[in-house]
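Here's the letter readout for the chains.
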Number of protein chains: 2
Amino acid sequence: MKASSGLNLSIALIHYPVTNKNGEVITSAVTNLDLHDMARSARTYGVAAFYVVTPLEDQKKLAAKLVDHWVTGGGARYNPNRCEALQLIHIRDNLEQVIAEIEQANGQRPQTIVTCARPQSGSVSYGALRKTLGNKVPGLLLFGTAWGLAPDCMAAANIILDPVRGIGPYNHLSVRSATAIILDRLCGEFS
Amino acid sequence: MKASSGLNLSIALIHYPVTNKNGEVITSAVTNLDLHDMARSARTYGVAAFYVVTPLEDQKKLAAKLVDHWVTGGGARYNPNRCEALQLIHIRDNLEQVIAEIEQANGQRPQTIVTCARPQSGSVSYGALRKTLGNKVPGLLLFGTAWGLAPDCMAAANIILDPVRGIGPYNHLSVRSATAIILDRLCGEFS
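Residues numbered from 1 in each chain as written. Chains lettered and ligands numbered in written order. Predicted model: local features only at pLDDT ≥ 70, side-chain atom pairs only at ≥ 80, totals over all residues. Heavy atoms only, no water.

(A) Quick look at the relation of the copies chain A and chain B. Of the transformation superimposing chain A on chain B, the axial component is 0.0 Å and the angular component is 180°, with the fit at an RMSD of 0.0 Å. When the rotation and shift are considered jointly, the pair of chain copies conforms to a two-fold rotation axis. When the interface residues of chain A are mapped onto chain B, 100% of them again fall at the interface, so both copies present the same face. (Least-squares fit on C-alpha atoms with pLDDT ≥ 70 in both. Contact = heavy atoms within 4.5 Å.)

(B) Looking closely at the nonpolar core. Counting residues in hydrophobic clusters, the biggest one holds 84 residues, and the most contacted among them are Leu141 of chain A together with Leu141 of chain B. The contact partners of Leu141 of chain B, leaving out residues within four places of it in the chain, are Leu9, Ser10, Ile11, Ala12, Ile113, Leu161, Ile182, Leu183 and Leu186 of chain B. (Core = buried A, V, L, I, M, F, W, Y, C linked by side-chain atoms within 4.5 Å. Buried < 20%, exposed > 50% of the residue type's maximum accessible area, 1.4 Å probe, protein only.)

(C) Structural view of the interface of chain A and chain B. Between chain A and chain B, the contact holds 40 residues from the first and 40 residues from the second. Taken together, the two surfaces of chain A and chain B that pack against each other cover about 3600 Å², and 55% of this comes from carbon and sulfur. Contact with chain B buries surface across chain A, with Thr44, Ile167 and Tyr170 of chain A losing the most and accounting together for 21% of the total. In this structure, the connection of chain A to chain B is made through four salt bridges. Here Asp37 of chain B makes a salt bridge to Arg176 of chain A, at a shortest N to O gap of 2.6 Å. Our enumeration of links across chain A and chain B arrives at 24 residue pairs in polar contact (both at pLDDT 80 or more). Secondary-structure elements contributing two or more residues to the side of chain A that touches chain B are helix H1 (32-44), helix H4 (80-86), helix H6 (126-134) and helix H8 (175-187) of chain A. Partitioning the side of chain A that touches chain B into residue classes produces 14 nonpolar, 15 polar and eleven charged. (Buried area = accessible area lost by both parts, 1.4 Å probe. Salt bridge = Lys/Arg side-chain N within 4 Å of Asp/Glu carboxyl O. Polar contact = N/O pair within 3.5 Å; in protein donor to acceptor, adjacent residues only side chain to side chain. Helix = DSSP H or I, 4+ residues; strand = E, 2+ residues; numbered from the N terminus. Nonpolar A, V, L, I, M, F, W, Y, C, P; charged D, E, K, R; others polar.)

(D) Expanded view of the sheet that holds strand S7 (residues 139-144) of chain A. All names here are of chain A. Overall, parallel pairing links the six strands, which are arranged S5-S4-S1-S7-S6-S8 in an open sheet. Each edge of the open sheet is held by one strand with a lone partner, namely strand S5 (89-92) and strand S8 (159-161). Neighbouring strand axes in the sheet, compared pairwise and without regard to direction, differ in orientation by 25° on average. The strands touched by H8 within the sheet are strand S1 (9-14), strand S6 (111-115), S7 and S8, with S7 carrying the most contacts at an inclination of about 155°. (Pairing = 2+ DSSP bridges. Axes fitted to C-alpha atoms, helices over the stretch in contact; angles between N-to-C directions.)

(E) Main features of the packing of helix H1 (residues 32-44) of chain B against helix H8 (residues 175-187) of chain B. All names here are of chain B. Running from N to C, H1 and H8 point in directions that differ by 5°, and their axes come no closer than 9 Å. Put simply, H1 runs roughly parallel to H8. Note on element contacts: H8 touches H1 through Val175, Arg176, Thr179, Ala180 and Leu183, opposite Leu33, Asp34, Asp37, Met38, Ser41 and Ala42. A breakdown of the residues in the contact of H1 with H8 according to their chemical character gives six nonpolar, two polar and three charged. (Parallel < 35°, antiparallel > 145°, perpendicular 65-115°, else oblique.)

(F) Highlighting the sheet that holds strand S8 (residues 159-161) of chain B. All names here are of chain B. A sheet is described by the order of its strands in space; here six strands give the open sequence S5-S4-S1-S7-S6-S8, paired in parallel fashion. Each of the sheet's edge strands pairs with one partner strand only, and the pair in question is strand S5 (89-92) and S8. The average angle at which neighbouring strand axes cross in this sheet is 25°, direction not considered. The pairing of strand S1 (residues 9-14) with strand S4 (residues 50-53) spans four bridges and is classified as parallel. Counted as the bridge partner of Ala12 is Tyr51 from S4.

(G) Here's a closer look at the side chain of Thr179 of chain B. All names here are of chain B. Following the sequence through the fold, Thr179 ends up in helix H8. Side-chain polar atoms of Thr179 contact the backbone oxygen of Val175, separated by 2.6 Å. Excluding residues that lie within four positions of it along the chain, Thr179 makes contacts with Ile11, Met38 and Phe143.

(H) Spotlight on H8 of chain B. Compared with the 18 Å implied by 1.5 Å per residue over 13 residues, the 18 Å span of H8 of chain B between its first and last C-alpha is a close match. Among the 13 residues in H8 of chain B, 13 count as buried, and that is most of the element. (Expected span 1.5 Å × (residues − 1).)

(I) Local environment of unusual backbone geometry. All names here are of chain A. Omega for the bond connecting Tyr16 with Pro17 falls within 30 degrees of zero, at 0°, which places this linkage in the cis form. Residue placement: Pro17 occurs in the loop between S1 and strand S2 (18-19). In the Ramachandran plot, Ala146 falls in the positive-phi region, its phi being about 50° despite a non-glycine side chain. Within the secondary structure layout, Ala146 lies in the loop between S7 and helix H7 (151-155). Residue classification places Ala146 among the partly exposed residues on the basis of a relative accessible area of 47%. Phi at Arg165 is positive, roughly 55°, even though this residue is not glycine. Among the residues examined, Arg165 registers a relative accessible area of 43% and is labelled partly exposed.

(J) Local environment of the confidence of the model for chain A. Summarising the model, chain A shows a mean pLDDT of 93, and 97% of its residues fall at 70 or more. Predicted as a complex, the structure gets a pTM of 0.95 and an ipTM equal to 0.94. (pLDDT = per-residue confidence, 0-100.)

(K) Structural context of the packing of aromatic side chains. Counting across every chain of the model gives four aromatic pairs over all chains. Judged by centre distance (6.5 Å) and plane angle (90°), the ring pair of Trp147 of chain A and Tyr78 of chain B falls under edge-to-face. Of this pair, Trp147 of chain A sits in the loop between S7 and H7 while Tyr78 of chain B sits in helix H3 (residues 74-78), placing the two residues on different chains. Its relative accessible area of 43% is what places Tyr78 of chain B among the partly exposed residues. Ring plane angle 75° and centroid distance 5.7 Å describe the contact between Phe190 of chain A and Tyr126 of chain B, whose orientation is recorded as edge-to-face. Taken together, the residues span two chains, with Phe190 of chain A in the segment after H8 and Tyr126 of chain B in helix H6 (residues 126-134). (Phe/Tyr/Trp six-rings, centres within 6.5 Å; stacked < 30°, edge-to-face > 60°.)

Shown next as structure tokens:
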């Protein structure tokens, strides 16, 4: 489960519990392109595993069918690079199951990490998180779909990462773009 | 047309001329989520304009309908943040038209910038490009759909940017993710 960046990092895309536009806790639908884009980013940055978390049976079936097409079906022959990315995907019922699985594989409970579009007190910088995870601590980055992770899920996380922030106050990146940027900040090397 | 990052940067998503899996030059179809994700990234990083380039009349109509929904239609009321992002979109026939338009607005021809998944001789670093564009030179980042920009389009660019590169040789990010990462490297601030 060790990522080749030196960081032992996994990511999870949460479909429950997340909030809707009105702040109510809901279960969101799985989006095809989230799985593709985030798997491709995960593979590019040496992420150990990409967990797709939904409690809904029909959504789990849909996600599994999609992944199977690209990992063992016609898609694998059509585009082997896509196969290599999507085989990082594991579909799980809930976050607790994901945490237990990583703990079992590593002999150590992962630090759960959330990001927030708005600044939060006690949030850590990307450099600080790189150092923490560089000490062999398994990390699990949580990404919320819809209008973001439910407050209880945010509050239960071990680490809050600084917001991505661009230029000025506008901060409405897609979860696909935010994942790509955060992985690049944590694992990328460039001058 | 001045971006608030201090860089005068625009982006263009090219649907022709691009290559298919077999290296043949084709016109690709407009993808809804490319427009959303790239507009949201563009708005977040203070990009001056996001040009969607396709010569096909039906595709231009489709893209215009989509943009209209979010900029002046029901979508604008439902999600004003999305409106703010998608109003950066301009649909144009070809790259020459885009370059002429930026030149006219700035009194200076933009430097066209391409990125390539594979290392190229003479490619420049993100830091070097930031410095070039910091000197008030308008920049136009070109992103290819399908299997990437056609060789002639690549060869005609003024600047080749270093590949994004993650961990190891795998480099198959979506155009949505690549755009987000490149804008963050050029315009983002983080520690």
